[in-house]
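Residue-level structural notes
Below, each chain spelled out in residue letters.
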Amino acid sequence: MASDRVAAGPDPVADDEAIAAIEQALHALARRLMQGRLHEHFVRQAGVDLDQAGLAVLYVLREPGTSLRVTDLAARLGIDTPGVTRKAQQLERQGLVSRCRDATDARASLVRLTPEGQRALSRFLEARHQWFAAVLAGWPAAERREFARLLARFTDGMTSNWSN
């Protein structure tokens, strides 16, 4: 009889095992993605001379028309202002960013991508995109879409549950 059946609830052991498997997979993924060798591979493929810190600065400035003070760049990157100042100076010497006076505060300057910086970033992002496409090439399209959906959901959940 239907009334004799007990609805099966969540299995805490299976949930713990699944969470442990997710933790292990994310740890391995983070380790691999943050390895300098992978970044160096993308840089070689793109034919650009960018370290990870320089790439981070360019990425923050990637939207057309974006110009930010160094303090705002530092805040977005979550690092100290002197470090961003040094990196911005290096990127400026490479011709990848330029600085101009802030119209609202003549004491401050704004950093923005140059056309060369935009091209370098685009080449890097294309090399990274091609690598991900190769990694996922054997996956059916439906699984790639589902992975993208779940990963976005996970990332959103991380962001909303982040405590400083």
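Residues numbered from 1 in each chain as written. Predicted model: local features only at pLDDT ≥ 70, side-chain atom pairs only at ≥ 80, totals over all residues. Heavy atoms only, no water.

Things to note about a negative patch on the surface
The cut-off we apply is this: Patch membership is restricted to residues that have no salt bridge and whose relative accessible area is over 30%. Joining uses 9 Å for like charges and 5 Å for the nonpolar side chains Val, Leu, Ile, Met, Phe, Trp and Tyr. Per-residue accessibility takes into account occlusion by the displayed protein chains alone, with areas from the Shrake-Rupley method and a 1.4 Å probe. Counted as salt bridges are all cases of a side-chain nitrogen of Lys or Arg within 4 Å of a carboxyl oxygen of Asp or Glu. In this tally, Lys and Arg are treated as positive and Asp and Glu as negative; His is ignored, and so are the chain termini. Lys charges are placed at NZ, Arg charges at CZ, Asp charges at CG and Glu charges at CD. Burial here depends on accessible area, computed with a 1.4 Å probe over protein chains only, as a share of the maximum for the residue type. Under 20% is buried, over 50% is exposed, and the range in between is partly exposed.
Together, Asp 11, Asp 15, Asp 16 and Glu 17 make up a region of like negative charge exposed at the surface. For Glu 17, a relative accessible area of 56% corresponds to the exposed category.

A word on the side chain of Thr 114
For the record, the criterion: Numbering of helices and strands runs from the N terminus, with a helix taken as a DSSP run of H or I at least four residues long and a strand as a DSSP run of E at least two residues long. Contacts are residue-level and defined by heavy atoms, with any inter-residue pair within 4.5 Å sufficient.
Looking at where Thr 114 falls in the secondary structure, it is placed in the loop between strand 3 (105–113) and helix 6 (115–135). Classification of Thr 114 by relative accessible area gives buried; the value is 14%. Setting aside residues up to four positions removed in sequence, Thr 114 forms contacts with Gly 95, Leu 96, Val 97 and Ser 98.

Re the packing of aromatic side chains
Selection criterion: Stacked, edge-to-face and tilted labels apply to pairs of Phe, Tyr and Trp rings (six-membered ring for Trp) whose centres lie within 6.5 Å, assigned for plane angles under 30 degrees, over 60, and everything in between, in that order.
What the rule picks out here adds up to four aromatic pairs. Between Phe 42 and Trp 131 the ring centres are 5.7 Å apart and the planes differ by 70°, which places this aromatic pair in the edge-to-face class. Note that Phe 42 is positioned in helix 2 (residues 36–46) and Trp 131 in helix 6, a separation of 89 residues in sequence. The structure contains a cluster of three or more aromatic residues connected by ring pairs, namely Phe 42, Phe 124, Trp 131 and Phe 132.

Describing the environment of Gln 118
You can see Gln 118 is positioned in helix 6. On the accessibility criterion, Gln 118 (31% relative accessible area) is partly exposed. Spatially, the C-alpha atoms of Gln 118 and Trp 131 are 20 Å apart, while their sequence positions differ by 13 residues. Beyond its immediate stretch of four places on either side in the chain, Gln 118 contacts Arg 62 and Leu 113.

Digging into the packing of helix 3 (residues 52–60) against helix 6
Which entries qualify depends on this criterion: Note on method: axes are straight lines fitted to C-alpha atoms, helices fitted across the in-contact stretch only, with angles between N-to-C directions ranging 0 to 180 degrees. Orientation labels follow simple angle bins: below 35 degrees gives roughly parallel, above 145 gives roughly antiparallel, 65 to 115 gives roughly perpendicular, and whatever is left gives oblique. Each residue is assigned to one class: nonpolar for Ala, Val, Leu, Ile, Met, Phe, Trp, Tyr, Cys and Pro, charged for Asp, Glu, Lys and Arg, and polar for all the others, Gly among them.
In the contact formed by helix 3 and helix 6, the axes pass within 10 Å of each other and the chain directions differ by 105°. As the angle between them shows, helix 3 and helix 6 are arranged roughly perpendicular. The residues of helix 6 that touch helix 3, namely those facing Leu 55, Leu 58 and Tyr 59, are Gly 117, Leu 121, Phe 124, Leu 125 and Arg 128. Classifying every residue of the contact of helix 3 with helix 6 gives six nonpolar, one polar and one charged.

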